Structure formats: C-alpha cells, structure tokens
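Residue strings, one per chain:
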2 protein chains.
Amino acid sequence: MRASRLMFATLRETPGDAEVISHQLMLRAGMIRKLATGLYTWLPLGVRVLNKVTAIIREEMNKSAMEVLMPVTQPIELWEESGRAQAYGPELLRFRDRHDRPFVLGPTHEEVITDLARQELKSYKQLPVNFYQVQTKFRDEIRPRFGVMRSREFIMKDAYSFHANQASLEETYQGMYDTYHAIFNRLGLNFRAVQADTGSIGGNGSHEFHVLADSGEDDIAFSTESDFAANVEMAEAVVTGTRPAPAQAMQVVDTPNAKTIDEVSNFLNVSPSQTVKTLIVRGVADDSDPNSKGKYSLVALVLRGDHELNDIKAEKLPQVAAPLTFASEDEVKALGLELGSIGPQGLNIPVIVDRAASVLADFVAGANQAGKHGTGLNWERDAQITLVADIRNVVNGDPSPDGKGVINIKRGIEVGHIFQLGQKYSEALNCKVLGEDGKPFVVTMGCYGIGVTRVVAAAIEQNFDDKGIIWPQSIAPFSVAIVPMNQAKSPRAVAAAEELYNELLGAGFDVLLDDRNERPGVKFSDLELVGIPHRIVVSERGLDAGTFEYKGRRDSDARELSKDELLAVLKG
Amino acid sequence: MRASRLMFATLRETPGDAEVISHQLMLRAGMIRKLATGLYTWLPLGVRVLNKVTAIIREEMNKSAMEVLMPVTQPIELWEESGRAQAYGPELLRFRDRHDRPFVLGPTHEEVITDLARQELKSYKQLPVNFYQVQTKFRDEIRPRFGVMRSREFIMKDAYSFHANQASLEETYQGMYDTYHAIFNRLGLNFRAVQADTGSIGGNGSHEFHVLADSGEDDIAFSTESDFAANVEMAEAVVTGTRPAPAQAMQVVDTPNAKTIDEVSNFLNVSPSQTVKTLIVRGVADDSDPNSKGKYSLVALVLRGDHELNDIKAEKLPQVAAPLTFASEDEVKALGLELGSIGPQGLNIPVIVDRAASVLADFVAGANQAGKHGTGLNWERDAQITLVADIRNVVNGDPSPDGKGVINIKRGIEVGHIFQLGQKYSEALNCKVLGEDGKPFVVTMGCYGIGVTRVVAAAIEQNFDDKGIIWPQSIAPFSVAIVPMNQAKSPRAVAAAEELYNELLGAGFDVLLDDRNERPGVKFSDLELVGIPHRIVVSERGLDAGTFEYKGRRDSDARELSKDELLAVLKG
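Residues numbered from 1 in each chain as written. Chains lettered and ligands numbered in written order. Predicted model: local features only at pLDDT ≥ 70, side-chain atom pairs only at ≥ 80, totals over all residues. Heavy atoms only, no water.

**Re the overall build of chain A**
We apply this condition: Secondary structure elements follow DSSP: runs of H or I no shorter than four residues count as helices, runs of E no shorter than two count as strands, and numbering proceeds from the N terminus. Relative accessibility decides the category of a residue: with a 1.4 Å probe and only protein chains considered, values under 20% of the type maximum give buried, values over 50% give exposed, and everything between is partly exposed. Any two residues whose heavy atoms approach within 4.5 Å are treated as being in contact. Working definition of accessibility: Shrake-Rupley area with a 1.4 Å probe, residue cover restricted to the visible protein chains. Two residue types count as positive, namely Lys and Arg, and two as negative, namely Asp and Glu; His and chain ends fall outside the count. In this description, the location of a charge corresponds to atom NZ of lysine, CZ of arginine, CG of aspartate or CD of glutamate.
Along chain A, the regular secondary structure elements total 17 helices and 30 strands. With respect to the three principal axes, the spread of C-alpha positions in chain A is 95 × 70 × 40 Å. Relative to its 572 residues, chain A shows a buried fraction of 57%. Put simply, of all contacts in chain A between residues at least 6 apart along the chain, 69% involve residues at least 24 apart. Accessible surface for chain A amounts to roughly 23,700 Å². Of this, 48% is attributable to carbon and sulfur atoms. The averaged location of the 78 negative side-chain charges in chain A is 4 Å from the averaged location of its 62 positive side-chain charges.

Written out as structure tokens, the structure reads:
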C-alpha cells in the first residue's frame, strides 16, 4: 500500500489517560481511538493487525472445529435457564426491545450454543462436535481500562465442544491445547500454557494461555526446559536431594534486636536459605480426640527463611483452618512463645515443614527465647516434624516439578483460556442426546476462548522499545516499508523505490511504500512507532553502489545490502 | 473438508414460519437457525458462504478504501448532535449502561465516523478519504421477517467518504459505483444499479443495487443494451417516432356496456394501444387568474389505453395537485362528462397528454356521451393538447431513456446503496478541516452500504430450483462435492475418492468429500439442497471405465468424464 493513501494518525505526545504501554502505543501509532469509556474504534493500521490475528486463529481453528456465528444480542430467558441472569452480576448488560422483551448483550455464548446444540444434536453419533466463532462481545466492566486490554466491547474467538463422555472431552481438550500452541506460535508470541487450577480432578481441567510481559497482572512459573507452566500460586514446589547429616552442634546465641530473617542472617552472617521461619496459624481441632480441643487448635508452619508461605497450598492441608489465619500475639504467648524468636524446637503443636526446609541441616531458627536464636539445628535431633508438605511459593531456580529444567517466573497477560466445562450448562439447559443404548443422556462440554483484541495489546506489551511497537512478522500491519530518499528531488530514487515496491508485492510481501510528502526523519519515526519489521531506504548513493539501506526494527544500525542479500533477509 | 466432520443440519420439511424461498432454503439447508425473533445463528455451512461474500467485498473495497472497525455500541450524545436520536424512531435500540449512561445499538455509523473524522482530519490535504468496515448492526424492526433478509441483527459493509468539495465526492462516488459492480459481478449475481431518485439535483445523487429475483419487493426497469436501470416509479418513459398524419375521419359509435379499455377494445376490435383513457384529477388553481378558481381546479390526464398512470410523475407537474386525487363522480358530472365514456375532445380543462398517447393517430377514446366512443380521433383536429408530459409507468419493450435498447422490468432485492450525503452529518457535527486558504470549511460526505447477510439470502432468491439452492461458484460453501459410491463395500471407490479429494484440494478447489455413512440418495439430495455447484461420483464401474460421474448443479443429467475432462469442467 502507498502511505499517501493510508491514514497515518501517529501522535508525538503520549496521551495522558493511557496507563499501560500498549494503550499508549496503540493511540500514538494510530491504531485505535476512544469513542467512549471502554469503547474503541480501530483505525486502518489497527484493523490490519486485527485481521491478521483473526486470519491465523481461523486457519488453525478450521483444522478441527466448525465456524458458526451467533448473535450479539441474546434473549435473557436462556440466561435464566442457566442461572447466570442473576449470577453474572452487573457486567451483564441488559436491555429491552421495542416490544419490552428483555435481552442481554452477550458477554459469552455458552447459553446460546447449548440452546443450539439441544435442538440440533440428536444422537451420540453426532458427537464429538466443536463449534467456534469470532464475534463481538460486551462486558459492562465497572472500570474499563488499559485500552483494548480491558474494554467493554471486544472481540473474542470462543469455541464450545460437545461430547458423549469425559474421555472424548479430554481428547478434544488436548487438541485445543495443541491448536492454541499453534496459534500463539504463529502469532509470534512468547507465551505459556498455564495450569489454571491445582488439578484435584483429572489434573488438566483448565489452562490459561499467558503472553509473557513485564506488565502482566499474573505471575507465571514455567520451566526453562519443558512446557510446564503454572500460576505461581498453583505451581508445585519440589525439592531435589536429601537432608545432609548433622555437622554442627546446636547452640543458642544472643541475637539482640534481630527479629526478621534478614536481620538474623546479617547478624549471624549466614544465608537466609540456611535459616527457617516458623509461623503459627489456626489449625483444625481433631474431633475424634476428646483432648484435642485447644491442644491442636494451632499449627506451626516452617519454611526456609528465603521462601514465602503460599496461603492456598497451606489452606488445603487438613490440619490447617481455611481461610488461613495467623495466631494472635496472645495465642502465641499462650504457647510460651514470642514473636520474632519462634523456632520449631520442642513445640507442643503439629509442626508442618515445607519440603525445602525439611532437607536443611545445621540451620538457624528462633530459640523460643526472647532475643535468642538457635544455630546448628537439625531435624529429629533438635526438632520434630509432624508432616512435610508443599506450603510455599515457587521461586526462580526451583526445580521444575516435572523434573525438567528449573523454574523461571515472569509476569503474564492472559489471552486465552481452555476449560473442561463438564455438564454445568448442558444439565441446566437439558441438552441431551440419545446414547448407543437408545437412552438420552446429558452431554459433556468444553469451552475455549481467545481474546482477539486483547492479543493485539498483549503482543505490544511484549514487543516494544522507546521508539514504539516492534511487531512480530506475522501480525505486523505491513512487514516491509520502503522509503525513497530525497523524494522531491530524486525521480531516480522514487522510480527505483516503485520498482522494488512492485517486485516485493509480487513476491507476496505486505509492503508499505512511504511516498508521503514528509521528511525522511518523520517517516523513520513513524515507521518505528508503528513497528514495521523491515525498513528499506532507496537512495541515489545506494543506487550508485548497487545497494539498499536495510534496517530491521530491532537493529541498532542500518546496513547496505545488495538486492539478493536484501531478499534473503526479508525471506529469512 | 470431510462431510463426516461437518454438521449437516438439513431438514426434509419446509419450516412453517418461513415465508420466502431463501428463508425456507437457508433453514432446510442448515445455514441458519432462529435464536429469537429477527435473530439468527449462522451454522457452519452458512458461515462458509458469509465468509466468502465478506472476503470478496473486502478485496474490492481495499483497492480504494481503508478498513476500520467501529463499536456496535454508541453513545447517544452523537445521535443527539445529528438530530437522529429523535428522528430515527423506535428502530433505534436504546439502553443504559451500569452507570446509567445512555447508549444505542448502532443501526448505522454516520455519527461515529463523522465524530472520528472531526478529530482526525485537520487539513484539506488529508482529503479525500474513504473508510469502510464490516460490522454487526442492529435495527429494532417492528416486524422482522424473511429470515436474514429483514432481521434485527445483521452484518453490513458500510463505507463513508470525506471530501473537500462536490466534485471530489462525485469522483469517489463513481469509484464506489464501479467497485460495487466489481463486487456483485464477483459474487456471481445478476444485478442492476438503479437510480434511486429522479435526479433533480445532479442526477446521480443515489443508486440502489438490486439483485434481480421474482420475489423482490421493488420493480426495476432496466435496459437490455446499456446499464440504465431505475425503479419503475422513477424510470422515464420516452417515445420514439412522430405522430402519423390522420388517415381516418372521426366517428362516434355506440359502445353499449363497454366501459373499460378491454371492453371497448374487444367491442371495436382494436388494440388497447390504439385507444386512450382520460382521467380527471384535481388540479392547482392559477392564483394569478381571478377567474381561474374552479375553472382550472380539474385537469385531464390522457394515457394510452394499455399504459398506467404514474402518480409520482403526475404529482410533480405544476398543474396537478399533490397528493394525486381523482375527481369525484359529481365533479366529473359537473363538467358534463360521464365516467366510462370520457374523451379528450372539447374539454374545458387542461389536457395533459402522456408522450406515448400524444403520438397516436386515428385512435379511440370516449365520446363524452354515455354509451358512445369516438374512433378515428386525431390530435389537433379533434382534440387539443395543453401539455405533453411523461406521466406513465414504463412497460416492457419501451425504449430505454438513454436511447440504447429497450426496457425490461424485473423484480429486485435491494442489497446495496450508495449515496451522496453532502454536508448533512458534517454540518450537524461540525466536521471541518482547514482549506488551502487556511480557513476551516465543512467537509462533504458520501456513504456506501452493502447488506452482507442480506446478499446471501438474495443470492438464493435468484438461484434455486425445486431441489434447493444453486450457488454461484464464488460463494458456494464448497465448490465441488465428491461422493464415493457403495462406500461400505468398496474400499477401491473410497480410496479413489480420497485420492481425487486430495488432488483437487491440492489444486486449490474447495472440496467436500461426502464420506458420511448415508445412502447415496440421501447424499445427493443433501448436496442438491445445499447447492454445491459440482458433484462427482466415484464408483467401481467408473474406475473400470476410467471415468468419473459428473453432474453440474443445474444439469438435468449426469455424464461420465475422464479425469482430464473433469478437471477442464471444474476449471471452466
């Protein structure tokens, strides 16, 4: 395309109300404009990206699912059947038509697709089946923000599968898991499929797909060597190696004014990883033991000094009360202990020790005496373990729980979610088909979403620098830009640029010829801001030398390339 | 695609509430399903057609316009600015968000695009510019019907252009006129661009694009030889040749009980086209003439007996009152005339004669005496003409007003509309840019719509038979279907069908392999109902003979073709 025919709506200033970089850059690069709170118009450059993202999603989804298109407006009756008319809350936008009939603006389509399925699916022979659509959704967010990252109107690819049984669901689920990998790989994004629950049932009931970016709202723990990934809260912390034999004798030392792990470590000149901290929390009384009341109402949780307690993991232990509640200072004192110097030695309550803390030898802990800590402590000899459990957050460098590589933690932006729905909607809407035995049964469902508009913002959050956006090749609005140098005075450069433009178009490249009546500096800034991956400058000097000036968007310097070299770089 | 993996939701019965053939066939072929009144879910086969239509529209629009995407939901403030919040009426669906702010579901996007333009366009140098989108719209029709032909939620391609002056608008308008021709030609539709007004200003202010189909709601008159086309009400009726010299003497003959043109023609054994009828209507008094009151309050309109009065044309005459009103029987009697035997001879009121009637010689008319008609009548000699005017509907065989070919009248379905908006919205929303002289001026606009979902229905209304839909090649859900004969017992036919399937896929055809576990008869009916243009049957018998059985969707019989012949047919 010729830039003179494209609306370049670039802005030099960063708009004041844009908090995150993708929102700022999408406004500055002229990809979107705000119509009203949480409502955005996509400008030509933005639509080009959006269409490329959508095309990739469609191509991959078409390999195993069928595209449908459901209305944006939905009769509320279906939401009453599913129970979500009440449960969904004020994000569900309701309205009445001219005949006073109640409708909603669809935030999601489980009800509509299940209604379709109960009419169209008659027999187990029609299963499994997987429908998807790319459609506008509306969620009346109380505080829309971050541009298209959390807007009210947005585009989703949502898919819904129907199955005769759980095994069939799991097969399609795995297929969608693979399809999502293919999609996000083709989109050129660094992403991780994250276990979205701890997997108490089946272990793979739900995965979130996160694009890794510093601005993400979630902490993702993933393996450096395998495809293991989980929310930090959900990732299992494992320990390798066994506890060394004791080498030191226990000593009680004065640690005046040293209460925190850092203070104690500094004072004693040991690593925090060689210390433990003991947290007293409310426990669950053992009803079968008449003497348990009170005795077991508190529990000690012991972690390595450099580790953090994971509330969710701790709460799931049968000994620990949920929600997790720390003992009050009075309760601690009633145990004869003092905050700031608690250790696991000689406690009269259950001592639950994190896996990592359980393999320490010769460690440091509170001495259960004010202003004193114990050193050279060893389990069994000096302190007893009731239970070893995983009760901490994983940290960078932890072994991956699948045994491959180590844990790396980064922030992530959720752009996709696949979910084994089971029979939640099919039961509520009575979606049954006839089984092999001639009897009707309720179908089992899965659902699979990708936030199409959000993907665009997430791609920017992952790929930018101080000059602007750096698009992955596959979704760039244009893959190559050609700038004729000294346009006004060099018909030769213009002609050569036109020739190259037509040649590259013919070779299938998505080329922008920047024929605007602007200075080269303005063009270069715009092209960098907009994020075109390859820039070619055609100049008299280059033509004399038989070269083109090439600069990749991530390159710090331009270089002179022959036509053949140039084509090789563009194709590579 | 394999049919076993496609949801074939064909129905044998015609659904009761579907009035028009496209609605019936879209339901029966499994293209759409109703979610609620005027809301339809598009099933996989329907989406395939919809996506092909959309792709063609995008490809053609991209040649001269830029794609954008505006929200479905729009703040009502913009509609208040344009004045349409009130004017649009109850088809404009209004709702309030969770913060009680008023919005509408967009039935069209003039306001939103003009709001964007007034922010983004600063200078005449940015003009002309043409934005388009493919987006869901909502019109709260009081009585949605005919399936997706008149649904509440539908998809439109809408484009809006901005210009410095009328000349620029007209240039883009002509470009869109040509683009629409390219689009509808590629869609494989028989259509006409129809002048949508009589052209009193400029003559080309608006064109409707109609797909010709017997079920259309509008009568379209078009030339057999040129691209002239107009609504029948708007088409100019012209006459060729001049009035012959009188050859007969006037006679008054008894015509007992013959009052209508047919009765008189039969009785006198003349063609209705050799008779005239004289209609007395209310006229406009000539205020400048003190004696005019009453005298000129009636007007005679004279048409050939076989022609019909066009009210709109007659109303536009300065002599005729609007709305057109026929004289009462008493008023006719007061003129000394009698209904059933009125003629233009000796009338004391203006006689406005249609062009075609004005070139008759030796014609028949009422004799202004009960039960009698005049024959051998001639203008000037026997009756005076006040004015010759175009006051009738065109009929088949009339000369085309552009002098090329003759008029053909067919019914049409409006699927597109291009319109020179002028400054209606830009003025209301104060959309100004700086001119060459540094002064701001209000931009001039055009708009250009295509009903994307409606195009699909219109294509069916134009292309079907008693077996089902007959898709134009370019928008068929699949262009070719392959059916292996005796599938269960002939692995050889199955293998050969698979081989052909892969070969055709590789050659770029959109192929459906009907591998369903159904009898051939069922498959054939389904494929005909669904409207696949080419059907190939692979059988043992054919393989022995080295042929494939081929049947085009419009063919009455199948024929045996060699592979080369088959490929030639598919490519042709």
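**A few points about the environment of Ile183 of chain B**
Residues and elements named next belong to chain B. With respect to the helices, strands and loops of the structure, Ile183 is situated in helix H6 (residues 166–186). Sequence separation between Ile183 and Phe154 is 29 residues, and the spatial gap between their C-alpha atoms is 19 Å. Once residues lying within four places of it in the same chain are set aside, the contact partners of Ile183 are Ile56, Ile57, Glu60, Met61 and Ile450.

**Thoughts on the sheet that holds strand S6 (residues 102–105) of chain A**
Residue and element names in this part refer to chain A. Short version of the rule: One bridge is not enough; two strands pair if DSSP finds at least two bridges between them. Convention adopted: a line fitted to C-alpha atoms gives each axis, helices being fitted over their contacting stretch, and angles between N-to-C directions are expressed from 0 to 180 degrees.
As summarised here, the arrangement of the three strands in space is S4-S6-S5, forming an open sheet in which the pairing is antiparallel. Two strands bound the open sheet, and with one partner strand each, they are strand S4 (73–75) and strand S5 (93–96). Looking at each pair of strands side by side, their axes are set apart by 40 degrees on average, direction ignored. Looking at chain direction, S4 and S6 are connected through three bridges and run antiparallel. Bridge pairing in S6 places Thr73 opposite Leu105.

**Observations concerning the packing of helix H14 (residues 491–506) of chain B against helix H17 (residues 563–571) of chain B**
Residues and elements named next belong to chain B. To keep it simple, the criterion reads: With respect to orientation, any angle under 35 degrees is reported as roughly parallel, any angle over 145 as roughly antiparallel, any angle of 65 to 115 as roughly perpendicular, and every other angle as oblique. For any pair of crossing helices, the crossing counts as left-handed if the nearer helix is rotated counterclockwise from the farther one by less than a right angle, and right-handed if it is rotated clockwise. Charged means Asp, Glu, Lys or Arg here, nonpolar means Ala, Val, Leu, Ile, Met, Phe, Trp, Tyr, Cys or Pro, and polar covers whatever is left, Gly included.
Viewed as axis vectors pointing N to C, H14 and H17 meet at an angle of 40 degrees, and their least axial separation amounts to 13 Å. By the angle between their axes, H14 is oblique relative to H17. Handedness of the H14/H17 crossing: right-handed. Contact residues: H14 offers Leu500, Glu503 and Leu504, while H17 offers Lys563, Leu566, Leu567 and Leu570. Tallied by class, residues from the contact of H14 with H17 come to five nonpolar, no polar and two charged.

**Quick look at the interface of chain B and chain A**
Heads up, the rule is: The buried area of a pairing is the accessible area, by a 1.4 Å probe, that goes missing from both parts when the two are put together, added over both. The rule for a salt bridge is simple: a side-chain nitrogen of Lys or Arg has to be within 4 Å of a carboxyl oxygen of Asp or Glu. Any N or O atom pair separated by 3.5 Å or less is treated as a polar contact, with the protein-specific requirement of one donor-capable and one acceptor-capable atom, and with residues adjacent in sequence counted only for side-chain atom pairs.
Taken together, the contacts link 59 residues of chain B with 59 residues of chain A. Between chain B and chain A, a total of about 4,600 Å² is buried, with carbon and sulfur atoms accounting for 62% of that surface. Inspection of the region where chain B meets chain A yields four salt bridges. Between Arg152 of chain B and Asp97 of chain A there is a salt bridge, with the nearest N and O atoms lying 2.8 Å from each other. Across the chain B-chain A interface, the total number found is 18 residue pairs in polar contact (both at pLDDT 80 or more). Grouping the constituent residues of the side of chain B that touches chain A by class yields 33 nonpolar, 10 polar and 16 charged.

**Details of the relation of the copies chain B and chain A**
Where we set the bar: The copies were overlaid with a least-squares fit restricted to C-alpha atoms from residues scoring a pLDDT of at least 70 in each copy.
If you rotate chain B by 179 degrees and push it 0.0 Å along the axis, it lands on chain A with an RMSD of 0.3 Å. Put plainly, the chains are arranged around a two-fold axis. The position closest to the rotation axis in chain B is occupied by the C-alpha of Phe95 of chain B, lying 2.9 Å away. Residue by residue, 100% of the interface of chain B is reproduced at the interface of chain A, so both copies engage with the same surface.

**Focus on the pairing of strand S8 (residues 153–163) of chain B**
All names here are of chain B. Most of S8 is tucked away: 11 of the 11 residues are buried. The two faces of S8 match: Glu153, Ile155, Lys157, Ala159, Ser161 and His163 on one face and Phe154, Met156, Asp158, Tyr160 and Phe162 on the other face are all buried. Bridge count for strand S7 (residues 129–138) against S8 is 10 bridges, and the pairing is antiparallel. By the bridge assignment for S8, Val134 is matched with Lys157. Relative to strand S23 (residues 444–451), S8 is paired through eight bridges, and the arrangement is antiparallel. When the bridges of S23 are listed, His163 appears paired with Thr444.

**Brief notes about the sheet that holds strand S15 (residues 298–304) of chain B**
Residues and elements named next belong to chain B. With mixed pairing, four strands are arranged side by side in an open sheet as S14-S15-S16-S19. Two strands lie at the open edges of the sheet, namely strand S14 (276–282) and strand S19 (387–389), each paired on one side alone. For this sheet the average axis-to-axis angle between neighbouring strands, irrespective of direction, equals 25 degrees. As paired strands, S14 and S15 are joined by seven bridges and run antiparallel to one another. Pairing of Val276 across the sheet is with Arg304, part of S15.

**Regarding the nonpolar core**
Short version of the rule: Put simply, a nonpolar core is a bunch of buried Ala, Val, Leu, Ile, Met, Phe, Trp, Tyr and Cys residues held in one set by side-chain atoms that sit within 4.5 Å of each other.
Core analysis: the largest hydrophobic core is formed by 221 residues, its most contacted members being Met31 and Phe162 of chain A together with Met31 and Phe162 of chain B. When sequence neighbours within four positions are dropped, the list of residues in contact with Met31 of chain A reads Met26, Thr41, Trp42, Leu43, Leu45, Gly46, Val49, Val456, Ile460, Ile469 and Trp471 of chain A.

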